Amino acid sequence: MHRITLLLFLLCGFSACTTLQPVGNYEAQPPPPAPDYSQSRYWAALPDQQDPADRVPSETLKEEQQTAEVDVFFLHPTTYTGSKKGEDNWNGPVDNESLNKKTDESTILHQASIFNGSGRVYAPRYRQAHLNAYFTKDQASAKAAFALAYQDVKAAFEYYLKHYNQGRPIIIASHSQGTTHGMELVREYFDEQDLQEKLVVAYLVGIPVPRDYFKNIRPCQRPEDLQCICSWRSWRRGYTPPRFDQEQGIIVTNPLIWTTDDNYADAQLNEGTVLRRFGKVKKGIADAQIHKSILWVNKPKFFGSIFLKAKNYHVGDFNLFYMNVRNNARRRVEAFLNRN
C-alpha cells in the first residue's frame, strides 16, 4: 500500500489535485480568524514541543534541536488546495484539524525535518492563500489573499524574534507558497538590515526568485557561502515549460554541488532522497543540472517509477535532495559559527 501512496504523492503535481475553487471575490468572504502566536497550537513546529519536524528518516541520523546554536524559521507550502469539502475560501483557516494534520504529515514531516540536525525548527501556521490564487484571473482577490497570508507570516516572525530567538543565528527555509512569503520576509527583515548579520542562509525553494529581488543579498555560489540565497525548481530532464523558456535573471542553485553554473551533477552525488515512505533514505536516484531558469532532474528510479509520467517535480523539490540539503545546512552552520 505504501508504494501506491508514494506514487500518488509524486504524481500529484502543483495543480493536479485541485477540485474546489474560492467562491466569489475576496471582498465577499470574511477571512478566517487570525492566529495568536503566543499559543503553541498556532505553530506546526516548535523545538520544545513534539511534532513531525522532530522525526528523522534513518536510524543513522540524529535530531539535535535541543543543543542547536542556530534557529530555522520554516514556511510551509500550500496545503489548502481545494481537495476537501469546504476548501473554497481565499484563505485557509489555522484552526482546522484536518488541514493542520495534512500540513503536519506532509510538509512538516518531509521538509521541515530536514533541518532538525542543524537548527531549532520554528514553523508557524498561517492563513495560507488558496492554491487557485496562483492561477485565477481574479488578480485583485489573489493579491489580497497573499497579503493576508504574509500578514500572518510577519506577525509570527516578529513574535519569534521577541520571544524565541534570543539572539541566535537564523536559517530561513521555505517551499512554494512559503517562498512567496519567505522572499518578502528576507527582503523586509534581513536585506540591508541589522538582522542580515544573523542570517546563515536562506533556502527559498519552489518559486522563481529574481537575482535583483534583494539589494544586498546574493545567490550562494559555494557550499559554505553565508548570508546568501539558494533556490531551485525541479523538472524532468529534457523538458522546459514554455512559460519558463524566456525567463531571465532567476536564481537557480544545484543542490548536489551548491553552485549556480550549469555543470552536470551525477546522481552518485545525491546523498539521499526521501520519498513518501519517510523511514527510508534512497541514495543516488536523482541527478541535477541547471538549465536556464530551472533545475533538470532525471526521472528518479524506484519501485513503480515506470508509472511516473509527471514532468513537474515541484512536490519533490526538497525531498529529492533531502540529505544534501540536510548536510549542507549543517555545513553552513559550522562555517557561520567558526567565522564568528
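Everything numeric here is computed off the predicted structure, so don't read it as measured data.

(A) Up close: the packing of helix α3 (residues 139-165) against helix α4 (residues 177-189). Close contact between α3 and α4 brings their axes to 10 Å; oriented N to C, the two are set at 55 degrees. If you check the angle between α3 and α4, you find them oblique. α4 is crossed by α3, and the crossing has right-handed handedness. Packed against α3, whose contacting residues are F146, A149, Y150, V153, K154, F157 and E158, the element α4 presents Q177, T180, H181, E184, L185, E188 and Y189 at the interface.

(B) Examining the pairing of strand β2 (residues 71-75) more closely. Most of β2 sits inside the fold, with five of its five residues counted as buried. Neither face of β2 is left uncovered, since the one carrying D71, F73 and L75 and the one carrying V72 and F74 both have all their residues buried. Bridging between β2 and strand β3 (residues 120-124) involves three bridges; their strand directions are parallel. Residue D71 lies in a different strand from β3, and its bridge partner there is R120. With helix α2 (residues 97-110) bridging β2 and the parallel β3, this β-α-β connection has right-handed handedness. Across five bridges, β2 lies against strand β4 (residues 170-175) in parallel orientation. Looking at β4, one finds that F73 is bridged to I172.

(C) Highlighting the pattern of salt bridges. Applying the stated criterion to the full structure yields 12 salt bridges. Of the charged contacts in the structure, one is a salt bridge between K154 and E188, with a shortest N-O distance of 2.9 Å. Highlighted residues: K154 in helix α3 and E188 in helix α4, separated in sequence by 34 residues. The partly exposed category is assigned to E188, whose relative accessible area is 29%. For the salt bridge of D287 with R237, the shortest nitrogen-to-oxygen distance reads 3.3 Å. Within this pair, whereas D287 is found in the loop between β8 (234-236) and β9 (289-291), its partner R237 is found in the loop between β8 and β9, the two being separated by 50 residues in sequence. In this structure R237 comes out as partly exposed when scored by relative accessible area, which is 28%. Each of R222, E224, D225 and R331 takes part in one network of salt bridges that share partners.

Thresholds, definitions, all that
Residues numbered from 1 in each chain as written. Predicted model: local features only at pLDDT ≥ 70, side-chain atom pairs only at ≥ 80, totals over all residues. Heavy atoms only, no water. Axes fitted to C-alpha atoms, helices over the stretch in contact; angles between N-to-C directions. Helix = DSSP H or I, 4+ residues; strand = E, 2+ residues; numbered from the N terminus. Parallel < 35°, antiparallel > 145°, perpendicular 65-115°, else oblique. Left-handed = near helix turned anticlockwise from the far one by under 90°. Contact = heavy atoms within 4.5 Å. Buried < 20%, exposed > 50% of the residue type's maximum accessible area, 1.4 Å probe, protein only. Pairing = 2+ DSSP bridges. Right-handed = clockwise from strand over helix to strand, strands pointing away. Salt bridge = Lys/Arg side-chain N within 4 Å of Asp/Glu carboxyl O.

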